[in-house]
Amino acid sequence: MCGIIGYVGTKKCTPALIDGLKKLEYRGYDSAGIAVVQDGQIVRVRAVGKVAELEKAVAQDKPQGTCGIGHTRWATHGKPSEENSHPHTDCSGEIVVVHNGIIENYLTLKEKLQTLGHKFQSETDTEVIAHLIEENLKHTRSGSHEQRLFRAVMKTSAELHGAFAYGVMWAKTPRQIIGVKNQSPLVVGLGKNENFLASDVPAFLKYTSKVLFLEDGQTAVLTPDGVKLYGMDGQETKVKTTKISWDEKTAEKGGYKHFMLKEIYEQPQGLEDTLRTAREDFGRILGLKTTDLRNIKNVYLVACGTAYHAAMIGKYYLENFAGVTASVDLASEFKYRTIPPAENTLCIAVSQSGETADTLGAVKKAKELGFKRLAICNVLGSGLTRACNSVFFTHCGPEISVASTKAFTSQIISLYALAIFLGHASGNISQKVFNKLYKELMAVPKAVADTLKIEYDVRHLTKKIYKSDRFIFLGRNVDYPIALEGALKLKEISYVSAEGFAAGEIKHGPISIIDKGTPVLILMPKNLLFDKMLSACAECRARGAFVIALTTPDGKEEAAAVSDKQIIVPQASEYLQPVLDIVALQFFAYWVAKRLGRDIDQPRNLAKSVTVE
Ligand code: G6P
């Protein structure tokens, strides 16, 4: 996720900007830049890569000044490059903008601005903000430069759609930065004769712990002497500050103990951001000649690790909603098995990083076989996005914890969206059915937010069993991959043996490993297969297992009769239930590992992205 920093005060701002950017590095980024007002002009320095690269460039250019903004960019529109790095300017080069989020209507705005004569230098959505402010300034001629900029920014914000936070500086107002927040994070740090704007508190915690958390729709005007806050109606509102007692490390994690826990809690936002662009993006992807998705008859899904489990669920979706034959392969297996050549075949590669060597290898093979290739990926500009004909981005933001959580749920809903859009386009599902499925999909972020409330119950439950040396997870249908993922999460971070099985399979072998007290987590939301899962509970309990039933409110009583403990998650439609169920298992893995004192964010022997075969 992009990081914003701004400084206005009496000291030279460059060191505070670079410091701030370093503190925002944990958010993940591919390029960085700063802009400073120097002798009435904007001096801009940008670099691809790490902040260290920017620091080298800054050392050469030495921008001097007491007012500046900086940015770490996590690419969403346009590849990582110097031209696409922030800050972005208007045509005059006097207005500079840094931004985090997505401007959904940027193409419409860009076309409008281009017809008015504006020249764009980047592929980003951000640049429209700078040009729009420039345009709006032309219509605000009265008052001081400071007042004019404020009015132009207010007008601009009202024209933008989407989730965004941005900071603006104008060469003609060298003692003022304006910050706007709408659904993306933005905070203000209040110092003595100096004030800061940032995406997150660690960026300025070294200088001040007095913080103002902006609310959606608010605009902050920062000068060295103070900060003023305005609502959407342009009326000034009261500034309420908070004193932060976190140290820098805790602040990076937003007050959470681990990135994994923070990322579990970020899921509603990640899902909402992913879904925000789904209709438009899938519309574009389905219309592409290069993939010709409407005529696709066979699909191969390829992925590794957690992404593989999302791909497994994708198979159910594609077959059920789109009516195409789908198979799922571990990318490392797909590369070496015989795949018969076939027409109208699509390979879908699912990957958080887009750099997993096995997945890249599988896609290379798919290309050799003449298959069309679609990536579902979280990192713009990654190897995978370049190797495929089309890409759908999961906009859940960078994932720092090695154990994947929010990327997984965003992959599942992306595959669901793909399947229903494809099914609708090919005529496999009617408009009426599509509308119902789409509505259910849009309700998922809120349902996940409700599911987060079970953390306390799950935490409490793990107290009794965290010392077990073996855990078993059972699921059926779309919850079968969830059982596998629940087991994977647990073994990744707790280092204990955990296995997931299709519930119907336990009687064919796995039941022999159940001993007295073995914890068995059974995924049994109240749906068509509920009765079958009641039998699975009984079978395991008869062998002495400690049965934990993960069910929905309607299944609670019956589940309680055949299990030792119950975890109750909200009810969703059958095919979207996995997104809620996995949240419970993420908490489960987290709390077992936490009680065992494991290194949760950096578990032994594992890498976030495996770039070797
Ligand atoms: C590594 C990570 C896993 C991840 C897998 C695939 O093994 O530790 O968490 O699921 O790679 O990564 P990708 O970036 O392709 O989704």
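Residues numbered from 1 in each chain as written. Predicted model: local features only at pLDDT ≥ 70, side-chain atom pairs only at ≥ 80, totals over all residues. Heavy atoms only, no water.

Points about the nonpolar core
Phase 1: In this structure, Y317, L318, I348, I420, F473 and F588 are the most contacted members of the largest nonpolar core, which totals 94 residues.
Phase 2: Take this core: its biggest share by element is 13 residues, from helix 21 (residues 577–595).
Phase 3: Built from parts of two domains, this core gets at least three residues from each of domain 2 (260–442) and domain 3 (453–595).
Phase 4: In terms of nonpolar packing, the next biggest core, distinct from the first, is built from 28 residues, C13, L24, V36 and A47 among them. (Core = buried A, V, L, I, M, F, W, Y, C linked by side-chain atoms within 4.5 Å. Buried < 20%, exposed > 50% of the residue type's maximum accessible area, 1.4 Å probe, protein only. Helix = DSSP H or I, 4+ residues; strand = E, 2+ residues; numbered from the N terminus. Domains from an automatic or database assignment.)

Topic: the site of the ligand
Phase 1: Looking at the ligand, there are 13 residues lining it, with S351, Q352, S353, T356 and A607 nearest.
Phase 2: Between an oxygen atom of the ligand and a main-chain N or O atom of T306, the distance comes to 3.0 Å.
Phase 3: Separating an oxygen atom of the ligand from a backbone N or O atom of A607 is a distance of 2.8 Å.
Phase 4: Taking 390 Å² as the accessible area of the ligand by itself, protein coverage stands at 90%.
Phase 5: Looking at the shell around the ligand element by element, the count peaks at three residues for helix 10 (residues 305–322). (Near = heavy atom within 4 Å. Polar contact = N/O pair within 3.5 Å; in protein donor to acceptor, adjacent residues only side chain to side chain. Areas by Shrake-Rupley, 256 points an atom, 1.4 Å probe, with all protein chains shown as cover.)

Some remarks on helix 3 (residues 106–115)
Phase 1: Those residues of helix 3 lying buried are Y106, L109, K110 and L113. When helix 3 is viewed along its axis, its buried side chains cluster within an angular range of 100 degrees and face the same direction. The exposed residues of helix 3 that point more than 90 degrees off its buried face are T108, E111 and T115.
Phase 2: The secondary structure elements touched by the buried residues of helix 3 are strand 6 (95–103), helix 4 (127–138) and helix 5 (145–159).
Phase 3: At the exit of helix 3 stands G117, carrying a positive phi of roughly 100 degrees. (Arc of directions from axis to C-beta. Contact = heavy atoms within 4.5 Å.)

Quick look at the pairing of strand 16 (residues 298–303)
Phase 1: Counting buried positions along strand 16 gives five out of six residues, so the element sits mostly inside the fold.
Phase 2: Two elements, strand 16 and strand 17 (residues 325–330), share six bridges in a ladder whose sense is parallel. Residue pairing in the sheet places V302 in a bridge with D329 of strand 17.
Phase 3: With helix 10 bridging strand 16 and the parallel strand 17, this β-α-β connection has right-handed handedness.
Phase 4: As judged from the five bridges shared by strand 16 and strand 18 (residues 345–351), these two strands associate in the parallel manner. By the bridge assignment for strand 18, V299 is matched with L346. (Pairing = 2+ DSSP bridges. Right-handed = clockwise from strand over helix to strand, strands pointing away.)

Structural notes on the packing of helix 16 (residues 444–451) against helix 21
Phase 1: Two elements in contact, helix 16 and helix 21, have axes separated by 9 Å at closest approach and are oriented at 30 degrees. Taken together, the axis directions place helix 16 and helix 21 in an arrangement best described as roughly parallel. The hand of the helix 16/helix 21 crossing is right-handed. Where helix 16 approaches helix 21, its residues V444, A447, V448 and T451 are matched on the opposing element by V579, L580, V583 and F587.
Phase 2: For the contact of helix 16 with helix 21, the class distribution of residues is seven nonpolar, one polar and no charged. (Axes fitted to C-alpha atoms, helices over the stretch in contact; angles between N-to-C directions. Parallel < 35°, antiparallel > 145°, perpendicular 65-115°, else oblique. Left-handed = near helix turned anticlockwise from the far one by under 90°. Nonpolar A, V, L, I, M, F, W, Y, C, P; charged D, E, K, R; others polar.)

Section: the domain arrangement of the chain
Phase 1: Assigned domains within the chain: domain 1 (3–250), domain 2 (260–442) and domain 3 (453–595).
Phase 2: For domain 1 and domain 2, the distance between their C-alpha centres works out to 34 Å.
Phase 3: Facing the 14 residues of domain 1 at the interface are 13 residues of domain 2.
Phase 4: Buried surface at the junction of domain 1 and domain 2, both sides included, amounts to about 1,100 Å², of which 62% is carbon and sulfur.
Phase 5: There are one salt bridge connecting domain 1 and domain 2.
Phase 6: For R276, the salt bridge goes to E104, with nearest N and O atoms at 3.0 Å.
Phase 7: At the boundary of domain 1 and domain 2, one finds two residue pairs in polar contact (both at pLDDT 80 or more). (Buried area = accessible area lost by both parts, 1.4 Å probe. Salt bridge = Lys/Arg side-chain N within 4 Å of Asp/Glu carboxyl O.)

Observations concerning the side chain of T306
Phase 1: Relative to the helices and strands, T306 resides in helix 10.
Phase 2: Among the polar contacts made by the side chain of T306, one reaches the side chain of E485 at a distance of 3.2 Å.
Phase 3: If we skip the residues at most four places from it in the chain, T306 touches S404, F408, Q411, E485, L488 and K489.

Quick word on the packing of helix 4 against helix 5
Phase 1: Viewed as axis vectors pointing N to C, helix 4 and helix 5 meet at an angle of 125 degrees, and their least axial separation amounts to 8 Å. On the basis of the axis angle, helix 4 is oblique to helix 5. Seen along the crossing, helix 4 lies across helix 5 with a hand that is right-handed. Mapping the contact onto sequence places I129, L132, I133, N136 and L137 in helix 4 and R148, L149, A152, V153, K155, T156 and E159 in helix 5.
Phase 2: Looking at the contact of helix 4 with helix 5 residue by residue, the classes come out as seven nonpolar, two polar and three charged.

Side note on the environment of G305
Phase 1: Counting through the fold element by element, G305 comes out in helix 10.
Phase 2: Put simply, G305 and K489 are 184 residues apart on the chain and 10.0 Å apart in space, counted from C-alpha to C-alpha.

With respect to the sheet that holds strand 20 (residues 390–393)
Phase 1: Taken together, the five strands give an open sheet; going across it, the order is 17-16-18-19-20, and neighbouring strands pair in parallel fashion. In the strand order of this sheet, the two ends are held by strand 17 and strand 20, each with one partner. Strand-to-strand twist in this sheet, taken as the mean axis angle between neighbours without regard to direction, amounts to 20 degrees.
Phase 2: Across four bridges, strand 19 (residues 372–377) lies against strand 20 in parallel orientation. What sits directly across from A375, in strand 20, is V391.

Side note on unusual backbone geometry
Phase 1: Between H86 and the following residue, P87, the backbone shows a cis peptide bond with an omega angle of -5 degrees.
Phase 2: For P87, the position within the fold is in the loop between strand 4 (67–73) and strand 5 (88–89).
Phase 3: Although it is not a glycine, Q183 sits at a positive phi angle of roughly 70 degrees.
Phase 4: Along the chain, the position of Q183 falls in the loop between strand 8 (177–182) and strand 9 (187–190).
Phase 5: Given a relative accessible area of 32%, Q183 falls into the partly exposed group.

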